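# Analysis of the macromolecular model
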Amino acid sequence: MDTVEALRAVVGETGVLSAADIATRSAGILRPDTLKARALVRPRDTGEVSKTVRWCHDNGVPIVTHGGLTGLVHGADASPEEVIVSLERMRAIELIDPVQRIAVVQAGVTLQALQEAVEPHGLSFPLDLGARGSATLGGNAATNAGGNRVIRYGMMRDMVLGLEVVLADGSILSSMNRLIKNNAGYDLKQVFVGSEGTLGIITRLVLRLREKPSSQDVAIVAVPSFEALTKLLKHIDGSLGGSLSAFEVMWQSFYRLVTSPPARGKPPVGQDHPYYVLIESLGANPKPDSERFVAALESALEAKLISDAAVAQSESDRRAFWALRDDVMQVVVGGMPVVFDISLPLAAMERYVEDLRRDLSAGIGEHRLWIFGHLGDGNLHVIVQVAPQDYMTLRPKIEALVYGPLGRFGGSISAEHGIGLEKKPYLSVCRSESEIALMRLIKKALDPEGILNPGKIL
Ligand code: ZN
C-alpha cells in the first residue's frame, strides 16, 4: 500500500492529497516554487493529527507541518520524501470567554479570524502582522510571531496560556492551561512556542485576550537624527503613561519608497528627513487621549526631537498612515529583495547601519537598501534589493555582511521570523555553544528519530 492510500485509511479519503494533487499549490509567500511531498494530510482534529503522526513515526516517514505558509525563512519547506501535515481544516474557534478573557482555538484558525471574532465581545487579540489574513494561530505560536504591537503586548509567547501538542510518536500532550498565573513546575508550553515544528505539532491553543481599546491616535513624525530617535522613544513612552502601542521607524529610503509612485501612498510629511516614525497610542478615552497624544508630540517638537509631524484626523488617515508602513511589497518592484529581521541594542544600531551601508557598497556593487522596523523592540527589517540575475550569487555575500557583525554588536540574526533552513548556518552568531548543545538535547529527547521538520533550526 502506498503512503497516500495508507494515510487515507487513517484520516479518510478527503483528508489526504497526493503529490499530484498539490503540485500546483504555491510553496508560500514570495515563493516562485510549488509544494512537493509524498502526501499532504489535512486532519480535522487533534485525534487525526495524532493518528497521522503515529503512522509516520511507525513507518519512518518525516513530517513537515504547515500553517498559512507566510513564513520567510524556509521553515516549512518539504521534500518529496516527506509528508506535509496541514492544519487548514482545523479552523474552529471553540470558545471565547469574556469573563476569563481567553479564547480556545484550533491551530488552523487565521489570526484575522480570531481578531474579528473577539471584537463583538469588546475584546481584542493584540498580535498583529501584515500576513494576518493567511497566517494561522498555530503557526504564530510555532514561530513565536512578533509584529507591530510587541512594544505594548509582547510576542505570541506572551499571549499563549496553554496548548495541545502532538508529540513525535503520536502521543498527545494536552496542556490547555487557562490561568494567567500557573507557576507549577516547568512551563511546558514555552518549549513548543518558537520551536518551528521541530518538537511537536501544536493543534489547539488557549490564548489570552485583552480589552478592546476605544481610542486610537496615530501620527507620522520626521526625526532629525538617530540620537533624537532614541530620545523620542523614551519621551513618547514616558508621556503616554503605558498607552504607546507602536513605534515603527522608517529610514528615509524606505519612506520615499512607500510614498512615491508606483506606490500609492502619499507623504504625510516631507521626504527629506533622515528618519520617520509611525507612533500609535491605544487607549480608552478618545478626547483626553488625543489631547495627551498631541501634547506629547508638541513637547517633542519643542525639544527638537521631531522636526515635523502629521497627526491622523480620521479613520481613513489612520489607515493611510499604517498602509505606508505595511506597504512592504514595494521592495519587489524592479529587483529581488533579500529580507532580514535582525535585533540590535539601540545603542549599537546607528553604528551597525553605517558599517553595513559601507560594507554593502564595497562588497556587492549596485543595490538598493531599505531599513525600517519595530525600533521600540530593537528590531530592524533590513532589505537589500539586487538585480534578479545577480540574486543567487549575491545572496550569500549579503547574508554574511548583514549577519557577520551582529555578534560583535550584541545583536540577533532573528528578531521574529525564526531560523528555518535559511539562517541555520548563522545560529552560532547569536547563540553560544552551550545554548545550541541544550537545544540539541531537547530535540533528541522529544524527537529521538528526528522525524519532525527535519533539518530546520539545528
Ligand atoms: Zn516585523
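Structural data are supplied above this passage.
Here goes a summary of the coordinates provided. (Residues numbered from 1 in each chain as written. Predicted model: local features only at pLDDT ≥ 70, side-chain atom pairs only at ≥ 80, totals over all residues. Heavy atoms only, no water.)

Take the overall build of the protein next. Counting secondary structure elements, the protein contains 15 helices and 18 strands. Over its C-alpha trace the protein gives a radius of gyration of 23 Å, about what one expects of a compact globule, namely 23 Å for 458 residues. Here the C-alpha coordinates of the protein stretch approximately 75 × 55 × 45 Å along the principal axes. By the burial criterion, 51% of the 458 residues in the protein qualify as buried. Considering only residue pairs separated by 6 or more positions, the protein has 71% of its internal contacts joining residues 24 or more positions apart. Entry remark: accessible area of the protein is about 19,700 Å², with carbon and sulfur atoms responsible for 53%. Here the protein contributes 48 positively and 53 negatively charged side chains, and the mean placements of these two sets differ by 1 Å. (Helix = DSSP H or I, 4+ residues; strand = E, 2+ residues; numbered from the N terminus. Rg over C-alpha atoms; globule rule 2.2 N^0.38 Å. Buried < 20%, exposed > 50% of the residue type's maximum accessible area, 1.4 Å probe, protein only. Contact = heavy atoms within 4.5 Å. Areas by Shrake-Rupley, 256 points an atom, 1.4 Å probe, with all protein chains shown as cover. Lys, Arg positive; Asp, Glu negative; His and termini not counted. Charge placed at Lys NZ, Arg CZ, Asp CG, Glu CD.)

A cluster of nonpolar side chains, namely Ile29, Leu30, Leu72, Met329, Val332 and Val333, defines an oily patch on the protein surface of about 460 Å² accessible area. One can find Met329 in the loop between helix H10 (315-326) and strand E16 (336-343). (Patch = residues over 30% accessible without salt bridge, like charges linked within 9 Å, V, L, I, M, F, W, Y side chains within 5 Å. Salt bridge = Lys/Arg side-chain N within 4 Å of Asp/Glu carboxyl O.)

In terms of burial, strand E13 (residues 244-251) is a largely internal element, eight of the eight residues being buried. In terms of strand pairing, E13 meets strand E14 (residues 275-283) through seven bridges, oriented antiparallel. Considered in E14, the bridge of Glu248 is made with Leu278. The pairing of E13 with strand E17 (residues 368-374) spans three bridges and is antiparallel. (Pairing = 2+ DSSP bridges.)

What follows deals with the sheet that holds strand E6 (residues 102-106). Two orientations exist for strands paired in a sheet by backbone hydrogen bonds: parallel and antiparallel. Across the sheet, five strands lie side by side as E5-E6-E10-E8-E9; this open sheet has antiparallel pairing. In this open sheet, the two edge strands, each paired with only one partner strand, are strand E5 (93-97) and strand E9 (172-175). Taking each pair of neighbouring strands and ignoring which way they run, the sheet shows an average axis angle of 10 degrees. Of the pairings in the sheet, the one linking E5 to E6 comprises four bridges and is antiparallel in character. The residue bridging Asp97 from the neighbouring strand is Ile102, located in E6. With respect to the sheet, helix H3 (residues 111-118) is in contact with E5, E6 and strand E10 (201-208), its orientation differing from that of E5 by roughly 40 degrees. (Axes fitted to C-alpha atoms, helices over the stretch in contact; angles between N-to-C directions.)

Right, let's get into unusual backbone geometry. With omega at 10 degrees, the peptide bond leading from Pro261 into Pro262 counts as cis. Phi at His74 is positive, roughly 55 degrees, even though this residue is not glycine. By secondary structure assignment, the location of His74 is in the loop between strand E3 (63-66) and strand E4 (83-86). For His74, a relative accessible area of 28% corresponds to the partly exposed category. In this model, Glu196 sits at a positive phi of 55 degrees, which is unusual for a non-glycine residue.

Right, let's talk about the coordination of the zinc ion for a bit. At the metal site, the zinc ion is ligated by His374 (NE2), His381 (NE2) and Glu416 (OE), and these contacts range over 1.7 to 2.2 Å. In primary sequence terms, the donor set of the zinc ion follows H-x6-H-x34-E. Of the two residues, His374 sits in strand E17 while Glu416 sits in the loop between helix H13 (406-409) and helix H14 (427-430), which places them 42 residues apart along the sequence. The same class applies to His374 as to Glu416, namely buried. (Donors = N, O, S within 2.8 Å, 3.2 Å for Na, K, Ca; no water.)

Turning our attention to the environment of Gly238. The residue Gly238 is located in helix H7 (residues 226-240) in this model. As for Gly238 and Gly373, which are separated by 135 residues in sequence, their C-alpha atoms are 21 Å apart.

Time to look at the pattern of salt bridges. In the structure shown here, the tally under the stated rule is 28 salt bridges. The partner of Asp77 in a salt bridge is Arg31, with the nearest N and O atoms 2.9 Å apart. Within this pair, whereas Asp77 is found in the loop between E3 and E4, its partner Arg31 is found in the loop between strand E1 (16-18) and strand E2 (39-41), the two being separated by 46 residues in sequence. For Asp77, a relative accessible area of 19% corresponds to the buried category. Here Glu280 makes a salt bridge to Arg149, at a shortest N to O gap of 2.7 Å. Residue Glu280 is located in strand E14, and its partner Arg149 is located in the loop between helix H4 (137-142) and helix H5 (150-153); the two are separated by 131 residues in the primary sequence. Summarising the burial analysis for this pair, Glu280 and Arg149 share the class buried. Taken together, the shared-partner salt bridges in this structure form one network comprising Asp128, Arg132, Arg149 and Glu280.

Everything listed here is a matter of geometry and, on its own, says nothing about what the molecule does.
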